[in-house]
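Observations on the three-dimensional arrangement
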Amino acid sequence: MKLSRSVSRPLRRAALVALSGIVLAACAPGTASTTGTADKGSGTLKVWLYDEANRAPKEKVVAAAVADFKAAHPGSDVQVGYIPTDAGPRAEKMKGAFNDPASAPDVVEFGNTDLFGYVAAGGLADLTADLSGWAEGKDLPQDLRDTATVDGKAYGLPWWIAVRSLYYRTDVFTELGLTPPTSYDGLLDAAKKVRAGKPDLLGIAVGGKYTFGALPFVWANGGDLAAQQNGVYAATVNAAGAQAGVKAYTDLFADGICPAQRCADLTGGKTVEAFASGTAGMAILPNSSRSAVDAGAVKGKYAVVPLPGVAAGSIAPAFSGGNDLGIMKSSQHRSLAVDFLTTLGGKKHQLALFDAMGTLPTLASARAEVSARDPWLKPFTDTIAAGTKFVPKHPGWAKIDAQAVVPTMLQKVITGKADVGAATAEAATAMNAALGAK
């Protein structure tokens, strides 16, 4: 599964110029301090990981990895903290870490879309030699290695991958005589019928702040956020295909499906909560939401199918999501940090993370093992096989994400503050500013 590609040298130079002013932006990651680093052989490692809608299963996996690490490193300890997953608060947290090494972690989890901006800001350590010497690293497919590579250097260990599919309530669908949708029109029809038949439920939980729930509709209609030509990205979110996709997604925010007053402010995490709590008939969620859903009121009452595309039988392209583990350039415990990173990112704990949360392992043998024993994964592997998409492979994406350009665009349409044409045009202007396009 190809999630991203390395950034070319000309593009990276342009990105660094574009990012030079990001430190002044309210939600940007900033530029890393040039404070010197050390490599202390003992001490306390500080680790930042993403928070979750249901954190307990992840905490158990991490605790086991910490125990393994401490057994191998007597006298050392690990302090784990959890940071927000929403773009704005997360960017503020990382900006502080980049600018103040004393407050920074040694090891950090980050989304694969954030890597290019973090590298351009100078915040991540080069792990090329460390990962080349890691025995289990040979089990990491090249396409996944590429997702964490910039100018031929590795800056992260891909930890898990995720794609989104359509979760639906089997009990509700059976009661109402519905079948899982296989086209966009079928999805729209099913959502209306769920809401009409069960007025206490949302037909489908969608969010005005849910970028990666919206993008499959853009891609399914032949659109994209931006396109690259001659090494330069320029926004295409205001082109016809993208506008059709924005309309398709925002049409779901109708009173008879997911009322704007309830759904305009929903994030991806909030859609997980809505479905898990039993207040929605459908939701677009990643495989990694499995534990949160199973911890809720709908355990045993749902199933998953690929999110349908426009044509009957088609699958909407999903975002190739995933998170990496990296080491901050300012770490004073580099060797210990590498050992913890490869412990947590190794096969043992990747398998445990799948069992706990449903996250697909990045190591090939681990992913093959879980796919063989768990048929629940088929909608997600079918989605991967149908073809996935990615955001612009440019450091400017961090600014686009932190400034909530896509959610703002969606919310303006949803709340009637702008039509699709005006909202996408405004978004294109903001994207071009971040991408350095003219």
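It should be noted that the structure appears before, not after, this text.
In this convention, every chain numbers its residues from 1, walking through the sequence in written order. Local features in a predicted model are, by the rule used here, given only for residues with pLDDT of at least 70; side-chain atom pairs are given and counted only at 80 or more, and totals for whole chains, interfaces and linings are based on all residues. Water and hydrogen atoms play no part in the side-chain values, which are based on all heavy atoms of the structure.

1. Notes on the overall build of the chain
How we decide: What counts as a helix is a DSSP run of H or I of at least four residues, what counts as a strand is a run of E of at least two, and both are numbered from the N terminus. Using C-alpha atoms as the atom set, the radius of gyration is obtained and then compared with a globule rule of 2.2 Å times the number of residues to the power 0.38. Pairs of residues are marked as contacts when any of their non-hydrogen atoms sit within 4.5 Å.
Counting its secondary structure elements, the chain contains 20 helices and 15 strands. Taken over C-alpha atoms, the radius of gyration comes to 21 Å for the chain, in line with the 22 Å a tight globule of 438 residues would show. In terms of its C-alpha atoms, the chain occupies a principal-axis envelope of roughly 65 × 50 × 35 Å. Within the chain, residue pairs in contact and separated by at least 24 positions form 79% of the contacts whose partners lie at least 6 positions apart.

2. A few points about the packing of helix 10 (residues 240-250) against helix 20 (residues 420-435)
As a reminder, the rule being used: To get an axis, a line is fitted to the C-alpha atoms, and for a helix only the part in contact is used. The angle between two axes follows their N-to-C directions and goes from 0 to 180 degrees. Should the near helix be turned anticlockwise from the far one by less than a right angle, the crossing is left-handed, and should it be turned clockwise, the crossing is right-handed. Any residue that is not Ala, Val, Leu, Ile, Met, Phe, Trp, Tyr, Cys, Pro, Asp, Glu, Lys or Arg is counted as polar, Gly included; the first ten are nonpolar and the last four charged.
Running from N to C, helix 10 and helix 20 point in directions that differ by 120°, and their axes come no closer than 10 Å. Of the two elements, helix 10 crosses helix 20, and the hand of that crossing is right-handed. Residues Gln-243, Val-246 and Lys-247 of helix 10 form the contact with helix 20, whose participating residues are Val-420, Gly-421 and Thr-424. Looking at the contact of helix 10 with helix 20 residue by residue, the class counts come to 2 nonpolar, 3 polar and 1 charged.

3. What about the pattern of salt bridges?
Where we set the bar: A pairing counts as a salt bridge when a side-chain nitrogen of Lys or Arg comes within 4 Å of a carboxyl oxygen of Asp or Glu.
Using the criterion set out here, one finds 19 salt bridges in the structure. In this structure, the salt-bridge partner of Glu-369 is Lys-347, at a minimum N-O distance of 3.8 Å. Of the two residues, Glu-369 sits in helix 16 (residues 364-373) while Lys-347 sits in helix 15 (residues 347-357), which places them 22 residues apart along the sequence. Between Lys-412 and Glu-426 there is a salt bridge, with the nearest N and O atoms lying 2.7 Å from each other. Linking Lys-412 in helix 19 (residues 405-414) with Glu-426 in helix 20, this pair joins segments that are 14 residues apart in sequence. Here the salt bridges share partners, and the residues they tie into one network are Asp-51, Arg-55 and Glu-59.

4. As for the state of the cysteines
Basically, it comes down to this: Pairs of cysteine sulfur atoms within 2.5 Å are what we label disulfides. Burial classes follow relative accessibility: with a 1.4 Å probe on protein chains only, a residue under 20% of its type's maximum area counts as buried, one over 50% as exposed, and anything between as partly exposed.
Considering all chains together, one arrives at 1 disulfide under this definition. Here Cys-258 is linked by a disulfide to Cys-263, with a sulfur-sulfur distance of 1.9 Å. Because the torsion about its S-S bond is -90°, the bridge between Cys-258 and Cys-263 counts as left-handed. Like Cys-263, Cys-258 is buried.

5. Topic: the layout of surface pockets
Cut-off, in case you're wondering: Two kinds of site are reported from a 1 Å grid over the protein atoms alone, namely cavities, where a 1.4 Å probe fits but cannot get out, and pockets, open sets with protein on both sides within 12 Å along at least five of seven lines, and residues are called lining when an atom falls within 4 Å of a point. Grid points are joined across faces, edges and corners, and a volume is the space filled by probe spheres set on the points.
Here the largest pocket defines a volume of roughly 1200 Å³. Lining the largest pocket are 47 residues, with Thr-85, Asp-86, Arg-164, Gly-268 and Gly-269 sitting closest to its centre. Considering only residue class, the lining of the largest pocket consists of 20 nonpolar, 18 polar and 9 charged.

6. As for the environment of Ile-284
Considering the arrangement of structural elements, one finds Ile-284 in strand 10 (residues 282-286). Of the residues examined, Ile-284 reaches a relative accessible area of 1% and is grouped as buried. When the C-alpha atoms of Ile-284 and Asp-126 are compared, they prove to be 35 Å apart, with 158 residues separating the residues in sequence. Contact partners of Ile-284, with chain neighbours within four places excluded, come to Arg-164, Ser-165, Leu-166, Ile-204, Ala-205, Val-206, Tyr-210, Gly-213, Phe-217, Thr-271 and Leu-307.

7. Focus on the side chain of Gln-411
Relative to the assigned elements, Gln-411 resides in helix 19. By relative accessible area, which is 18% here, Gln-411 ends up buried. If near-sequence neighbours (up to four positions away) are discounted, Gln-411 is found in contact with Gly-208, Lys-209, Ala-264 and Asp-265.

8. Some details on the sheet that holds strand 7 (residues 164-169)
Under the convention used in this document: A pair of strands is labelled paired if DSSP reports no fewer than 2 bridges between them.
The 3 strands lie next to each other as 10-7-11, forming an open sheet whose pairing is antiparallel. Looking at the sheet topology across the chains shown, the edges are occupied by strand 10 and strand 11 (302-305). Sheet twist, expressed as the average angle between the axes of neighbouring strands with direction ignored, equals 35°. The pairing of strand 7 with strand 11 spans 4 bridges and is antiparallel. Bridging across to strand 11, Arg-169 finds its partner in Tyr-302. Those strands touched by helix 12 (residues 268-276) are strand 7, strand 10 and strand 11, and its axis lies near 130° from that of strand 10.

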